[in-house]
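Close look at the chain arrangement
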Amino acid sequence: MPDIWEGWRFASAWGSRDLLDVTLVRPELVAEISADTAVDRGGVFRHPVRFKRLRLDLSVEEVPLFTPGPSAATG
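Computed from a predicted structure; not experimentally measured.

**Comments concerning the environment of Ala38**
Mapped onto the fold, Ala38 is located in the loop between β3 (31-34) and β4 (50-54). Taking the relative accessible area as the measure of exposure, Ala38 reaches 21% and is therefore partly exposed. Leaving out residues up to four positions away in the same chain, Ala38 has contacts with Val44, Phe45, Arg46 and His47.

**Some words on the pattern of salt bridges**
Charged atoms that come close allow side chains of opposite charge to pair. Taken as a whole and judged by the stated rule, the model has three salt bridges. The partner of Glu32 in a salt bridge is Arg55, with the nearest N and O atoms 3.7 Å apart. Placement of Glu32 in strand β3 and of Arg55 in the segment after β4 is noted, with a sequence separation of 23 residues between them. Classification of Glu32 by relative accessible area gives partly exposed; the value is 23%. With its nearest N and O atoms 2.7 Å apart, the salt bridge here joins Asp57 to Arg55. Owing to a relative accessible area of 53%, Asp57 belongs among the exposed residues under this scheme. Here the salt bridges share partners, and the residues they tie into one network are Glu32, Arg53, Arg55 and Asp57.

Procedures and definitions
- Residues numbered from 1 in each chain as written.
- Predicted model: local features only at pLDDT ≥ 70, side-chain atom pairs only at ≥ 80, totals over all residues.
- Heavy atoms only, no water.
- Helix = DSSP H or I, 4+ residues; strand = E, 2+ residues; numbered from the N terminus.
- Buried < 20%, exposed > 50% of the residue type's maximum accessible area, 1.4 Å probe, protein only.
- Contact = heavy atoms within 4.5 Å.
- Salt bridge = Lys/Arg side-chain N within 4 Å of Asp/Glu carboxyl O.

As structure tokens, then:
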């Protein structure tokens, strides 16, 4: 399976251009997050991902794989 995160760049905070290193890990726990897919003109995500809670009621195998949704309208 190709690594879907390879080549992505992440800013450390709103208004910052400091880049974070991506560290790929093997999932062992399931976490619920709040995320937005808005990106700025430079291709950087505009809003941070926020941790909500651990989902101890789910195993890693029960979580569906990420699939990109429809592209946002441009124009």
